[in-house]
Amino acid sequence: MSNTLVIARYNENPPQWLTSNIRSMFAHVYLYNKGDALPNEWDAWLSTNRIKAIQLPNIGRESHTYVHHMIHNKPVRRGCTFFCQGDPRDHILSFAKEQHMTNDIEEHFRNAICSAEEYGFSEYCTTGGHYMPLRGWRTLWWNGHMLPNMHNESFDQWFERTMGLPLPENDNDFRWVLGANFCVRNDRLLAVSAARLAMLYEEISYSQCVNPEVGHFFERCWRYLFREQPLPKRIL
């Protein structure tokens, strides 16, 4: 099975969580760096672990990194692709504790891959509902200076336009990925059209912003992007 690991790094140290057991789960590992250029001391670690390091501009949060990878690296049909932050433990273990899950990072990886192989998509942690009503929801109030999305839409408007799906009537039926760490089976990833990926890349690259509002929208939509049903032609 040809699994791939995609790491979105900003300023995290060499990933100590990437143990030999986790590395053995993946045929390919990509480390996208948006912080300062990686120091020479990283070279041996990258070589030993057979990791391809790629420098990207610091825009669009991890969403930009993920979509960039999807556009430029087509996976083989068999296998899964795991997308994660520079240190997924920072984004997942507190959620795992709240949901009474294991804090064993290797077990999280194994379970996520097995679940994606069976069901097409999985995440470390997921939640139903949202802490604020989704209709009309914006993130501009975070830090008071976040860049609005391209069309100045609320989340429900953006979701229905970009995902081509109606938002569930009941917010409690909406399921989203906590921490932007997830695994998708490659046939689901390959089913996302080039036109949709190009549109999403334009959305997340808008104004070359480090922390755009739409980056937080993306975090709530990954499981809906990789659905099985065909894409509606009207939004392509």
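Below: a short report on this structure. (Residues numbered from 1 in each chain as written. Predicted model: local features only at pLDDT ≥ 70, side-chain atom pairs only at ≥ 80, totals over all residues. Heavy atoms only, no water.)

Moving on: the side chain of threonine 81. Within the secondary structure, threonine 81 sits in strand β4 (residues 80-85). At 2.8 Å, the side chain of threonine 81 forms a polar contact with the side chain of asparagine 186. (Helix = DSSP H or I, 4+ residues; strand = E, 2+ residues; numbered from the N terminus. Polar contact = N/O pair within 3.5 Å; in protein donor to acceptor, adjacent residues only side chain to side chain.)

Contact geometry for helix α6 (residues 155-163) and helix α8 (residues 194-205): axes closest at 11 Å, N-to-C directions at 150°. Judged by the angle between their axes, α6 and α8 are roughly antiparallel. Between α6 and α8, the residues in contact are Trp158, Arg161, Thr162 and Met163 and Arg196, Met199, Leu200 and Glu203, respectively. A breakdown of the residues in the contact of α6 with α8 according to their chemical character gives four nonpolar, one polar and three charged. (Axes fitted to C-alpha atoms, helices over the stretch in contact; angles between N-to-C directions. Parallel < 35°, antiparallel > 145°, perpendicular 65-115°, else oblique. Contact = heavy atoms within 4.5 Å. Nonpolar A, V, L, I, M, F, W, Y, C, P; charged D, E, K, R; others polar.)

Before going further, it helps to examine the packing of aromatic side chains. Tallied over the entire structure, the rule returns 25 aromatic pairs. Arranged with centres 5.6 Å apart and planes meeting at 85°, the rings of tyrosine 66 and phenylalanine 182 form a pair that is edge-to-face. Separated by 116 residues along the polypeptide, tyrosine 66 in helix α3 (residues 61-72) and phenylalanine 182 in strand β8 (residues 182-185) bring together distant segments of the chain. Judged by its relative accessible area of 0%, phenylalanine 182 falls in the buried class. (Phe/Tyr/Trp six-rings, centres within 6.5 Å; stacked < 30°, edge-to-face > 60°. Buried < 20%, exposed > 50% of the residue type's maximum accessible area, 1.4 Å probe, protein only.)

As a further point, take the pairing of strand β2 (residues 28-33). The buried fraction of β2 amounts to five of the six residues, a majority that puts the element mostly inside the structure. Both strand β1 (residues 4-9) and β2 contribute to a ladder of six bridges, which runs parallel. Opposite alanine 8, over in β2, you have tyrosine 32 as the bridge partner. For β2 and strand β3 (residues 51-55), the ladder comprises five bridges, and the chain directions are parallel. Opposite tyrosine 30, over in β3, you have lysine 52 as the bridge partner. A crossover links β2 with its parallel partner β3, the connecting element being helix α2 (residues 42-48), and its sense is right-handed. (Pairing = 2+ DSSP bridges. Right-handed = clockwise from strand over helix to strand, strands pointing away.)

Counting residues in hydrophobic clusters, the biggest one holds 39 residues, and the most contacted among them are Phe155, Phe159, Trp222 and Phe226. Ranked by size, the runner-up nonpolar core spans 22 residues in total, among them Trp45, Ile105, Phe109 and Ile113. (Core = buried A, V, L, I, M, F, W, Y, C linked by side-chain atoms within 4.5 Å.)

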